[in-house]
Amino acid sequence: QEYTGIKMEVCEFPEAAKTDLASVDLNGKKVFMVAATLRPETMYGQTNCYVGPSLTYGLYASNIPDEYFICTPRAAKNMAFQKLSAERGVVTELAQLKGEHLVGALVKAPYSVYDKVRVLPMETVLATKGTGVVTSVPSDSPDDYATLADLRKKCEYYHLNPEWLKNDPVAIIETKAYGKMCAETLCQKLKIQSPKDVKQLAQAKELAYKECFYQGVMIIGEFSGDKVEVAKPKIRADLIAKGLAFAYNEPEGQVISRSG
Ligand code: ZZB
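Please read these numbers as outputs of a predicted model, since none were measured by experiment.

1. Let's talk about the overall build of the protein
Alright, step 1. For the protein, the helix and strand inventory stands at seven helices and twelve strands.
Alright, step 2. Computed over the C-alpha atoms, the radius of gyration of the protein is 17 Å, within 12% of the 18 Å expected from 2.2 N^0.38 for a compact globule of 260 residues.
Alright, step 3. Principal-axis analysis of the C-alpha atoms gives the protein an extent of 50 × 40 × 35 Å.
Alright, step 4. Within the protein, buried positions represent 52% of all 260 residues.
Alright, step 5. Pairs at least 24 apart in sequence give 73% of the contacts found in the protein among residues at least 6 apart.
Alright, step 6. About 12,100 Å² of surface is accessible on the protein, with carbon and sulfur atoms providing 52% of the total.
Alright, step 7. In the protein, the 32 positive side-chain charges and the 32 negative ones have mean positions that sit 3 Å from each other.

Below you can see the structure in the form of structure tokens.
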């Protein structure tokens, strides 16, 4: 599986994360939460970033001396064999962080209409896929749409500052079948009530992938008016050329899909 690793620079850590990182000297260092995405063309519409609250993350030395990455230990290991670590095959873990301690962090979201976004909890983030960091695009990802709607309903229960949930979905891709907000359309169509409707969400995701890739047209950004199929590789290449992202591969068979 070929992902794009989006470098979301941390601008502000919550107190709990600062405690986890207390023993690390971050002077002169940049720290990035690395989000693994299959949809780099949707980065204009990032509204938040999700972590699994009960997962364990690490802070890792990267291939660039002054840049540290936050991701799951499993992803750090894969990265070490893709020229993304300080030394080939070697994982340098500087600290461990609990996912819930990252909730509330403020991170940069490359290409998004929202310059900086908040980290939120998502119970369905898998430790066995990607980096364990998921950038949220509620306009085009049914999972992200369902989680954002759920968190907005229960922000007191989750102890979330309502301010962190204020970014609305952004229209970025249009299709004849689902309009400008395909995630919302599909969640309504398939009667998805919550992030726990995993079967319907897997189905919605498949439909969204197909329709947006083959029939979608960009309605934002430099490639506005172009077909998604055409714009996608260009946007990915631009993100990588600008140092905002990198290619991240996952060996076959290691990926366990939620959709089975
Ligand atoms: C931004 C985005 C925008 C995504 C979109 C999807 C969509 P898949 O298809 O199952 O292989 N993701 C990445 N890592 C994880 C994880 N560890 N646990 C749960 N979800 C994860 O999954 C790849 C997509 O699932 C990734 O691409 C990421 O969300 C999320 F408009 O990034 B995506 C129709 C989907 N639309």
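2. Observations regarding the layout of surface pockets
Alright, step 1. By volume, the second largest pocket is sized at about 190 Å³.
Alright, step 2. Taken together, 13 residues line the second largest pocket, and the ones lying closest to its centre are Glu123, Asp150, Tyr158, Pro195 and Lys196.
Alright, step 3. A total of three residues in the lining of the second largest pocket trace back to one element, the largest contributor, which is helix α4 (residues 142–153).
Alright, step 4. Split into classes, the residues belonging to the lining of the second largest pocket amount to six nonpolar, three polar and four charged.

3. Quick look at empty space enclosed by the protein
Alright, step 1. In total, this model carries two cavities of 30 Å³ or more according to the counting rule given.
Alright, step 2. Estimated volume of the largest cavity: approximately 70 Å³.
Alright, step 3. Lining the largest cavity are Tyr60, Ala61, Phe69, Cys71, Ala76, Met79, Ala80, Leu84, Ser85, Val90, Val91 and Thr92.
Alright, step 4. Among the elements of the structure, β4 (56–61), β5 (67–71) and α2 (73–80) are those that each provide at least two residues to the lining of the largest cavity.
Alright, step 5. Grouping the constituent residues of the lining of the largest cavity by class yields ten nonpolar, two polar and no charged.

4. Notes on the pattern of salt bridges
Alright, step 1. Within the structure shown, the criterion is met by 13 salt bridges.
Alright, step 2. Between Lys108 and Glu9 there is a salt bridge, and its shortest N-O distance comes to 3.5 Å. With Lys108 in strand β7 (residues 106–108) and Glu9 in strand β1 (residues 2–12), this residue pair connects regions lying 99 residues apart in the sequence.
Alright, step 3. For Glu9, a relative accessible area of 17% puts it in the buried group.
Alright, step 4. When the shortest N-O distance is used, the salt bridge between Lys227 and Glu229 registers 3.7 Å.
Alright, step 5. What makes Lys227 partly exposed here is its relative accessible area of 39%.
Alright, step 6. Salt bridges here are not isolated pairs; linked through shared partners, they connect Arg39, Glu41 and Lys232.

5. A look at the nonpolar core
Alright, step 1. Counting residues in hydrophobic clusters, the biggest one holds 62 residues, and the most contacted among them are Met8, Met33, Tyr57, Leu59, Ile70 and Leu102.
Alright, step 2. In this view, Leu59 contacts Leu21, Val24, Leu26, Val31, Tyr68, Phe69, Ile70, Thr92, Glu93, Leu94, Ala95 and Leu97; residues no more than four positions away in its chain are not counted.
Alright, step 3. Core analysis: the next-biggest nonpolar cluster, separate from the first, contains 13 residues, Phe32, Tyr60, Ala75 and Phe246 among them.

6. With respect to the site of the ligand
Alright, step 1. Contacts to the ligand come from 20 residues, most closely from Thr37, Leu126, Lys129, Lys205 and Tyr209.
Alright, step 2. Contact distances for the ligand include 2.6 Å between an oxygen atom and a side-chain N or O atom of Thr37.
Alright, step 3. At the level of elements, β2 (30–37), β9 (133–136) and α6 (198–215) are the ones that each hand at least two residues to the shell around the ligand.
Alright, step 4. Here the shell around the ligand takes three residues from α6, the largest share from any one element.
Alright, step 5. The residue makeup of the shell around the ligand, split by class, is nine nonpolar, six polar and five charged.

7. A closer look at α6
Alright, step 1. Taking 1.5 Å of rise per residue, the 18 residues of α6 would be expected to cover 26 Å, and the 25 Å separating its terminal C-alpha atoms lies within 8% of that figure.
Alright, step 2. Listing the buried residues of α6 in full gives Leu201, Ala202, Ala204, Lys205, Ala208, Glu211 and Cys212.
Alright, step 3. On its buried face, α6 sits against α4, β10 (173–174), α5 (182–189) and α7 (228–241).

8. A look at the side chain of Thr4
Alright, step 1. Residue placement: Thr4 occurs in strand β1.
Alright, step 2. In this structure, Thr4 is in contact with Ala35, Ala36, Thr37, Pro40, Arg236, Ala245 and Phe246, ignoring residues within four places of it in sequence.

9. A word on the pairing of β4
Two faces, one strand: in a regular strand the side chains alternate between the faces of the sheet.
Alright, step 1. Judged by how many residues are buried, β4 sits mostly within the fold: five of six residues are covered.
Alright, step 2. Direction of pairing for β4 relative to strand β6 (residues 93–98): antiparallel, over a ladder of five bridges. Within β6, the position partnered with Leu59 by the bridge is Ala95.
Alright, step 3. In terms of strand pairing, β4 meets β5 through four bridges, oriented antiparallel. Paired with Tyr60 across the two strands is Phe69, which belongs to β5.
Alright, step 4. Hairpin connection of β4 to β5: five residues between the antiparallel strands.

The rules behind these values
Residues numbered from 1 in each chain as written. Predicted model: local features only at pLDDT ≥ 70, side-chain atom pairs only at ≥ 80, totals over all residues. Heavy atoms only, no water. Helix = DSSP H or I, 4+ residues; strand = E, 2+ residues; numbered from the N terminus. Rg over C-alpha atoms; globule rule 2.2 N^0.38 Å. Buried < 20%, exposed > 50% of the residue type's maximum accessible area, 1.4 Å probe, protein only. Contact = heavy atoms within 4.5 Å. Areas by Shrake-Rupley, 256 points an atom, 1.4 Å probe, with all protein chains shown as cover. Lys, Arg positive; Asp, Glu negative; His and termini not counted. Charge placed at Lys NZ, Arg CZ, Asp CG, Glu CD. 1 Å grid on protein atoms, 1.4 Å probe; cavity = no way out; pocket = protein on both sides within 12 Å on 5 of 7 lines; lining within 4 Å. Points joined across faces, edges and corners; volume = space filled by probe spheres on them. Nonpolar A, V, L, I, M, F, W, Y, C, P; charged D, E, K, R; others polar. Salt bridge = Lys/Arg side-chain N within 4 Å of Asp/Glu carboxyl O. Core = buried A, V, L, I, M, F, W, Y, C linked by side-chain atoms within 4.5 Å. Near = heavy atom within 4 Å. Polar contact = N/O pair within 3.5 Å; in protein donor to acceptor, adjacent residues only side chain to side chain. Expected span 1.5 Å × (residues − 1). Pairing = 2+ DSSP bridges.

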